Amino acid sequence: MKVVSVVGARPNFMKVAPLHRVFSKMQNVHHLIVHTGQHYDKNMSKVFFDDLELPEPDVYLGVGSGTHAEQTARIMMEFEKVLLNEKPDLVIVVGDVNSTVACSLTASKLRVPVAHVEAGLRSFDRTMPEEINRVVTDALSDYLFATEEAGVTNLKNEGVGEEKIFLVGDVMIDSLMLYQEKAKRSEIKKSFDISACEYTLVTLHRASNVDNRESLLVILDIFRAIEKHGKIIFPIHPRTRKRLEEFDLLSQYSMVKNLVLTNPIGYLDFLSIMTDAKLVLTDSGGIQAETTFLNVPCVTLRENTEQPCTVESGTNVLAGLAVEKVVDLVSDCYAGTWKKGKLPEFWDGKAAERIVKALVNSFMPNDS
Ligand code: UD1
């Protein structure tokens, strides 16, 4: 059986790594990794391959940045050549980035079966490009692997046949569990001088938060109001840095005394600072899940989430960009009052095993 897994952007690497680990132990599966090149900076891509012990991608498409249409189209054109050349039995796509939708569309038109890992998540907000990517990818997929019960419900509500849906847990949590010990050896906290103090970790890159000056000014107000609690570590996503420069705001951010602005951080170092953070402020999807797993308080600077379990039973609270609400939540957290999280079903480090088992059952029933 020949399987092609697609990675493109930073949040894809830790999702494909556990699948690769399981596939590479199997004699009868040839697993290829195709990297679209959606993310190409060393600290957005290569460092993750190193940290997650992933081999070099078998194919690198090198598509780079562009508008959504340009990026999606370039990935489709290049990925079509790969499929015609390699003739895989299955394409696996993960998450909700442009590479996910581009490759599922290309594969399904060539009648190559598609498996979507992290299927069924919905924010019900089509202003988010990721929501469009999720809806289209799920509509085209033949195997839909959900991380949480809400994903299963959403897919059923959209008319997806039950035989295609598998509740397997979260492959990102597989990676986190595998690398938790190793991350403890990271020296990153020493370099920020936060080994022995309480600090807030921030990540922001959603278009709705960083693509306009007003939102970036609101975020600056939040930083000014919360810096009294201690250091704020803010690894800046390339998109966010670009906007801060365009809007001439970087110097104002730099003036917040306790705000530490830094480049994006690799997987193990990030895991290390996230694990020991007093609190995380984010608009990332993955970090909402990771903080729930780690039982670290998380304030999500969005109005909605595609992962309701992180709010309903985890440590996550949605706050949008309401300054007062965020500031109150941060104060609550530093005062030591925060809800205790509970782990969703199947977040046990074995999601990749379940996925591979389901696929082998379907493609090679005699081998399973
Ligand atoms: C993408 C995903 C988003 C995911 C995020 C994680 C889509 C629609 N969005 O958003 O879901 O949460 O990745 O990081 O797929 N850039 C660089 N170097 C890089 C990559 C990007 O400088 O290695 C800059 C470019 O200027 C680019 C901008 O960042 O134009 C945005 O990159 P892009 O891949 O289009 O989307 P992200 O905002 O990273």
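Scoring rules and cut-offs
Counting from 1, residues in each chain are numbered in the order their sequence is written. Local features in a predicted model are, by the rule used here, given only for residues with pLDDT of at least 70; side-chain atom pairs are given and counted only at 80 or more, and totals for whole chains, interfaces and linings are based on all residues. Side-chain descriptors were evaluated using all non-hydrogen atoms of the structure, hydrogens and water having been removed beforehand. Helical segments are the DSSP runs of H or I of at least four residues, strand segments are the runs of E of at least two, and each set is numbered from the N terminus. We compute the radius of gyration from the C-alpha atoms alone; for a globule the expected value is 2.2 Å times N to the 0.38, where N is the number of residues. Three labels apply to residues, based on accessible area from a 1.4 Å probe with only protein chains included: buried if under 20% of the type maximum, exposed if over 50%, partly exposed otherwise in between. The contact criterion used is simple: two residues touch if any of their non-hydrogen atoms lie within 4.5 Å. Residue burial considers only the protein chains on display, and all accessible areas are found by Shrake-Rupley using a 1.4 Å probe. Positive charges come from Lys and Arg, negative ones from Asp and Glu, while His and the chain ends are left out of the count. Lysine's charge is taken at NZ, arginine's at CZ, aspartate's at CG and glutamate's at CD. Each pair of strands is called paired provided DSSP finds at least two bridges between the two strands. To define axes, lines are fitted to C-alpha atoms, for helices over the stretch in contact only, and angles between the resulting N-to-C directions are given on a 0 to 180 degree scale. We call a residue near a molecule or strand as soon as one heavy atom of that residue lies within 4 Å of the molecule or strand. Counting of polar contacts relies on pairs of N or O atoms within 3.5 Å, with two restrictions inside protein: one atom must be capable of donating a hydrogen and the other of accepting it, and residues adjacent in sequence are counted only when both atoms are side-chain atoms. Residue polarity is assigned by list, with Asp, Glu, Lys and Arg as charged and Ala, Val, Leu, Ile, Met, Phe, Trp, Tyr, Cys and Pro as nonpolar; anything else, Gly included, falls into the polar class. Start and end points for every domain follow an automatic or database-based domain assignment. In plain words, nonpolar cores are sets of buried Ala, Val, Leu, Ile, Met, Phe, Trp, Tyr and Cys residues tied together by side-chain atoms within 4.5 Å.

When helices and strands are counted, the chain shows 17 helices and 13 strands. A globule of 368 residues ought to have a C-alpha radius of gyration of about 21 Å, and the chain, at 20 Å, matches this closely. When its C-alpha atoms are laid out on the principal axes, the chain stretches across 60 × 40 × 40 Å. The 368 residues of the chain split such that 57% are buried. A sequence separation of at least 24 residues applies to 69% of the contacts in the chain between residues at least 6 apart. Surface exposure of the chain reaches about 15,300 Å², of which carbon and sulfur atoms provide 51%. Averaging the positions of the 41 positive and the 50 negative side-chain charges in the chain gives two centres separated by 2 Å.

A word on the sheet that holds strand E9 (residues 231–235). Strands sit in the order E10-E9-E8-E11-E12-E13 across an open sheet of six strands; the sheet is parallel. With one partner strand each, in any of the chains shown, strand E10 (259–262) and strand E13 (316–318) form the two edges of the open sheet. Neighbour-to-neighbour, the strand axes of the sheet open up by a mean angle of 20°, direction not taken into account. As paired strands, strand E8 (residues 199–203) and strand E11 (residues 279–282) are joined by four bridges and run parallel to one another. Bridge pairing in E11 links Thr203 to Thr282. Helix-sheet contacts for helix H13 (residues 267–275) involve E8, E9 and E11, and the interaxial angle to E8 is about 135°. Against the sheet, helix H16 (residues 323–334) contacts E8, E11, strand E12 (298–300) and E13, and its axis sits at roughly 160° relative to E11.

Attention now goes to the site of the ligand. Taken together, 21 residues surround the ligand, and among them Gln38, His39, Asn98, Glu130 and His205 come closest. With respect to the ligand, the side chain of Gln38 contributes an N or O atom lying 2.8 Å from an oxygen atom. Contact distances for the ligand include 2.8 Å between an oxygen atom and a side-chain N or O atom of His205. Relative to its free-state accessible area of 740 Å², the ligand is covered by the protein chains to the extent of 90%. Those elements giving two or more residues to the shell around the ligand turn out to be helix H3 (68–86), helix H5 (129–140) and helix H11 (238–246). Residue composition of the shell around the ligand, by class: six nonpolar, nine polar and six charged. Each of domain 1 (2–170 + 347–367) and domain 2 (180–334) accounts for three or more of the residues forming the shell around the ligand.

Further remarks concern the nonpolar core. Grouped together as the largest cluster of nonpolar side chains are 60 residues, with contacts concentrated most on Leu52, Ile92, Phe145, Tyr267, Ile273 and Leu359. Mapped onto the domain boundaries, this core takes at least three residues apiece from domain 1 (2–170 + 347–367) and domain 2 (180–334). Not counting residues up to four positions away in its chain, the partners in contact with Phe145 are Ala115, His116, Val117, Glu118, Ala119, Phe166, Val168, Ile355, Ala358 and Leu359. With 32 residues, the next largest nonpolar core counts Ile226, Ile236, Leu244 and Tyr253 among its residues.

The analysis is restricted to geometry; functional conclusions fall outside its scope.
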